[in-house]
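Now for the letters of each chain:
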Amino acid sequence: MLAATLLLAACSASDSADSAERAVSADSTVAAAEQGPRVVLTTSAGDITLALYEDESPITVENFLQYVDDEFYDGLIFHRVISGFMIQGGGFNESMAQQSTREPIQNEADNGLSNDRGTIAMARTQAPHSATAQFFINVGDNSQLNQRGNQWGYAVFGEVVEGMDVVDRIAATETGTQPTPMGAMGDVPVEAIVIEQIRRLED
């Protein structure tokens with residue numbers, strides 16, 4: 001199994017109980033977007049601007065920004081794309097070689113934020129505290145990925161504030177199965193969608 005890959009089997013779409021409790025209010029989401037740091041993903045499909053929820057997800061945001069500052073994401077791809085669900089990147093280059101990362105971080109999926117359309121969250125394995133560098137942007141409202149009781153969810157740490165049309169364009173791309181050094185991987189864009197760089201937006 002490929003490391004840091006979002007696991008659908010662990011999150012049934014029909015299990016949406018408690019999703020309303022986990023979602024933050026629109027007002028608090030807007031406030032977080034206005035106050036938190038912002039980054040721009042420059043991709044081969046266009047630019048995506050993200051506002052990060054530094055107060056709600058401090059560990060996750062710090063980890064993500066360290067990868068950004070290290071220019072780790074430059075030249076990597078969106079390697080997993082599922083229409084209507086999410087686009088995932090930050091782990092593989094165009095040769096489908098998986099990149100070495102720092103140690104995994106604590107899962108902050110219990111922060112009350114919901115995997116709504118346009119939010120960005122950390123990808124991980126079935127192990128709840130296994131997220132490293134890979135992330136995904138929700139294309140739909142994916143309440144099945146939220147924290148519910150003792151069932152760990154996927155930690156939301158920001159949202160798209162500009163470029164959701166680019167996200168939708170990536171989500172609509174043709175995909176197939178590609179070989180990797182660790183075995184075949186499905187849902188890979190036929191034409192590589194490259195993360196050219198991710199940089200902080202300065203005030």
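Our subject is the structure listed above.
Note that the structure is a prediction, hence the values are computed from the model and not measured.

> Quick question: what am I supposed to make of empty space enclosed by the protein here?
Take a probe with the size of a water molecule and roll it over the atoms, and the empty space left behind shows itself. According to the stated counting rule, one finds one cavity of 30 Å³ or more in the structure shown. Roughly 60 Å³ of internal volume is contained in the largest cavity. Along its surface, the largest cavity is lined by 13 residues, and Gln-106, Asn-107, Met-122, Ala-131 and Ala-155 are the ones closest to its centre. By residue class, the composition of the lining of the largest cavity is six nonpolar, five polar and two charged.

> Can you help me understand the sheet that holds strand 4 (residues 86–93) in this one?
Whether parallel or antiparallel, the strands of a sheet pair through hydrogen bonds between backbone atoms. Reading around the barrel, the eight strands line up as 1-2-7-5-6-4-3-10 and close back on themselves, with antiparallel pairing between neighbours. Ignoring strand direction, the axes of neighbouring strands in this sheet form an average angle of 35 degrees. With six bridges connecting them, strand 1 (residues 38–43) and strand 2 (residues 46–52) associate as antiparallel partners. Bridging from a neighbouring strand, Leu-41 pairs with Ile-48 of strand 2.

So, how was this worked out
Residues numbered from 1 in each chain as written. Predicted model: local features only at pLDDT ≥ 70, side-chain atom pairs only at ≥ 80, totals over all residues. Heavy atoms only, no water. 1 Å grid on protein atoms, 1.4 Å probe; cavity = no way out; pocket = protein on both sides within 12 Å on 5 of 7 lines; lining within 4 Å. Points joined across faces, edges and corners; volume = space filled by probe spheres on them. Nonpolar A, V, L, I, M, F, W, Y, C, P; charged D, E, K, R; others polar. Pairing = 2+ DSSP bridges. Helix = DSSP H or I, 4+ residues; strand = E, 2+ residues; numbered from the N terminus. Axes fitted to C-alpha atoms, helices over the stretch in contact; angles between N-to-C directions.

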